[in-house]
Amino acid sequence: MSEETCTITVYGSGDPPPDVLRLAEDLGRGIALRGWMLRNGGYGGTMEAAARGARGAGGRVVGVTCRAFARSGPNGFLTETVESADLFERLARLIQETDAFVALPGGTGTLTEVFLTWELMVKGLLERRPLCLVGEAWDPWFRLFRVEPEIARHTPLLARAATAGEALAQLDATLVPRAPRE
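The following paragraphs examine the structure supplied in this document. (Residues numbered from 1 in each chain as written. Predicted model: local features only at pLDDT ≥ 70, side-chain atom pairs only at ≥ 80, totals over all residues. Heavy atoms only, no water.)

What follows is about the sheet that holds strand β1 (residues 7–11). An order of β4-β3-β2-β1-β5-β6-β7 is seen for the seven strands of this open sheet, with the pairing classed as parallel. Each of the sheet's edge strands pairs with one partner strand only, and the pair in question is β4 (80–84) and β7 (159–161). Averaged over all pairs of adjacent strands, the angle between strand axes in this sheet comes to 25°, irrespective of strand direction. Pairing between β1 and strand β2 (residues 37–40): three bridges, direction parallel. Opposite I8, over in β2, you have L38 as the bridge partner. (Pairing = 2+ DSSP bridges. Helix = DSSP H or I, 4+ residues; strand = E, 2+ residues; numbered from the N terminus. Axes fitted to C-alpha atoms, helices over the stretch in contact; angles between N-to-C directions.)

Here it is in structure tokens:
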């Protein structure tokens, strides 16, 4: 693939443990080494770690920020910042115009991003594309998803990976860049 043929949106926590920070940095590095652009929320935690990994490998990183969170300021590893007026606009910008999603362990914000993305694909309001949940923290969620038949039937839209390497391998195997807009 040519340079920046794909955009990967990475969801994750602003305050993760050290092992998740390493996971995020490895993921960001792998995204950049493939010539893909990384997009995320643009602040600290996994967002900063993924951006650091991508920038260290010469990649492009777009942070989608929100005026409501302006007090913390975007991280210093972004190559571009897209400011959103509010959280709803930020979510829309993170979800649209991307080729794949990777979710690292996180809190309620990460769950909101994952569940909204998943729901939009389930309802056919967003073209299906890879949505990979990375790390052991997602294991209890997958067990829960299998309990309820209404949810279980939609789990094929989710991929599961234990490591950044596994997530990147899945993207390598399944990613199809979006057609250019006319």
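Turning our eyes to something else, we now look at the pattern of salt bridges. Using the criterion set out here, one finds ten salt bridges in the structure. For the salt bridge of E25 with R29, the shortest nitrogen-to-oxygen distance reads 3.6 Å. Highlighted residues: E25 and R29, both in helix α1 (residues 18–33), separated by four residues, approximately one helical turn. The residue E80 makes a salt bridge to R60 at a minimum N-O spacing of 2.7 Å. Of this pair, E80 sits in strand β4 while R60 sits in the loop between α2 (46–56) and β3 (61–66); the two residues are 20 residues apart in sequence, bridging distant segments of the chain. Residue R60 is classed as partly exposed on the basis of its relative accessible area, which comes to 31%. Residues joined by salt bridges that share partners form a network here, namely E25, D26, R29 and R52. (Salt bridge = Lys/Arg side-chain N within 4 Å of Asp/Glu carboxyl O. Buried < 20%, exposed > 50% of the residue type's maximum accessible area, 1.4 Å probe, protein only.)

What follows deals with the side chain of T46. One can find T46 in helix α2. Among residues more than four places away in sequence, those in contact with T46 are G12, S13, P16, V20, L21, A24 and L104. (Contact = heavy atoms within 4.5 Å.)

Our next topic: the environment of I8. Mapped onto the elements, I8 comes out in strand β1. For I8, a relative accessible area of 0% gives the class buried. Residues I8 and M37, spaced 29 residues apart in sequence, show a C-alpha to C-alpha distance of 6.2 Å. If we skip the residues at most four places from it in the chain, I8 touches I31, W36, M37, L38, R39, T98, A100, V102, L171 and L175.

Secondary-structure assignment places L21 in helix α1. Leaving out residues up to four positions away in the same chain, L21 has contacts with P16, G45, T46 and A49.

Before going further, it helps to spend a moment on the nonpolar core. Judged by nonpolar contacts, the single largest core of 28 residues is most densely connected at I8, V10, L27, I31, W36, L104 and V134. For this core, the element with the highest residue contribution is α1, accounting for six residues. The contacts of L104, once residues within four sequence positions are left out, are V10, Y11, G12, V20, L23, A24, L27, T46, T110, V134 and W138. Listed in part, the 18 residues of the second largest apolar core include L111, W118, L126 and L133. (Core = buried A, V, L, I, M, F, W, Y, C linked by side-chain atoms within 4.5 Å.)

Two numbers describe how α1 lies on α2: the axes approach to 6 Å, and their chain directions differ by 40°. Between α1 and α2, the angle falls in the class oblique. Taken as a pair, α1 and α2 cross one another with a handedness that is right-handed. Each of V20, L21, A24, E25, G28, R29 and A32 in α1 lies in contact with α2, whose residues at this interface are T46, A49, A50, R52, G53 and A54. (Parallel < 35°, antiparallel > 145°, perpendicular 65-115°, else oblique. Left-handed = near helix turned anticlockwise from the far one by under 90°.)

Just geometry here; none of it tells us what the structure is for.
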